[in-house]
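Here's the letter readout for the chains.
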Amino acid sequence: MIKKKDRVKKHEEFQEIIRSKNIEKNNAYIIYYRKNEEHTARVGISVSKKLGNAVVRNKTKRQVRHIVHNVLDKNKNVDLVIIVRANYHKNIFSENQHLMDELLKKIGRKIDEQI
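Since this is a predicted model, take the numbers as computed values, not measurements.

Enquirer: Teacher, can you tell me more about the pairing of strand S3 (residues 42–47) here?
Expert: For a regular strand, the rule is simple: side chains alternate between the two faces of the sheet. Among the six residues of S3, five are classified as buried, and the element is accordingly described as predominantly covered. Strand direction decides the pairing type here: S3 and strand S4 (residues 78–84), joined by six bridges, are parallel. Bridging from a neighbouring strand, Val43 pairs with Leu80 of S4.

Next comes the structure, spelled out in structure tokens:
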């Protein structure tokens with residue numbers, strides 16, 4: 001589980017990360033990212049009301065947190081805002097996990113290049 005200190009919670013933080021315009025996307029996720037000064041990865045998850053009612057959105061967020069917890073390198077100093085797309089529900093869980101893994105590897109390589 002992602003600890004609360006490792007989450008992006010405030011609206012202003014979400015907007016700052018999105019305004020950085022560093023983006024990676026596929027058919028299930030859009031991920032905005034920026035380098036941070038803390039020595040840990042922080043994650044914020046956004047699920048639109050278009051994806052379903054509160055029960056569906058909360059289930060989706062729990063699944064995405066689980067996926068990110070398993071594949072994210074906690075030692076990267078990066079802030080992520082993950083926006084879940086409507087196609088997320090068309091895939092099975094393992095496919096969504098694979099798609100997230102690919103995006104996070106791309107972002108990891110780009111962050112390493114910025115150092």
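Enquirer: Explain the sheet that holds S4 here, please?
Expert: Within a sheet, adjacent strands bond to each other through the backbone by hydrogen bonds, running parallel or antiparallel. Strand order in the open sheet made by the four strands is S1-S2-S4-S3, with mixed pairing throughout. Among the strands making up the open sheet, the edge pair consists of strand S1 (23–25) and S3. Ignoring which end each strand starts from, the neighbouring axes of this sheet average 20° apart. Against the sheet, helix H2 (residues 54–71) contacts strand S2 (29–35), S3 and S4, and its axis sits at roughly 150° relative to S3.

Enquirer: It is not clear to me how the pattern of salt bridges should be interpreted in this structure. Could you clarify?
Expert: A pair can form between side chains of opposite charge whenever their charged atoms are brought close. Inspection of every chain in the model, using the stated rule, returns seven salt bridges. In this structure, Glu24 and Lys110 form a salt bridge, with 2.4 Å as the shortest nitrogen-oxygen distance. Of the two residues, Glu24 is situated in strand S1 and Lys110 in helix H3 (residues 93–114); the sequence distance between them amounts to 86 residues. A relative accessible area of 35% means that Lys110 is categorised as partly exposed. Overlapping salt bridges, with partners in common, bring together Glu13, Glu16, Arg34, Arg42 and Asp79 in one network.

Rules of the game
- Residues numbered from 1 in each chain as written.
- Predicted model: local features only at pLDDT ≥ 70, side-chain atom pairs only at ≥ 80, totals over all residues.
- Heavy atoms only, no water.
- Buried < 20%, exposed > 50% of the residue type's maximum accessible area, 1.4 Å probe, protein only.
- Helix = DSSP H or I, 4+ residues; strand = E, 2+ residues; numbered from the N terminus.
- Pairing = 2+ DSSP bridges.
- Axes fitted to C-alpha atoms, helices over the stretch in contact; angles between N-to-C directions.
- Contact = heavy atoms within 4.5 Å.
- Salt bridge = Lys/Arg side-chain N within 4 Å of Asp/Glu carboxyl O.

By themselves, these figures tell us nothing about what the structure is for.
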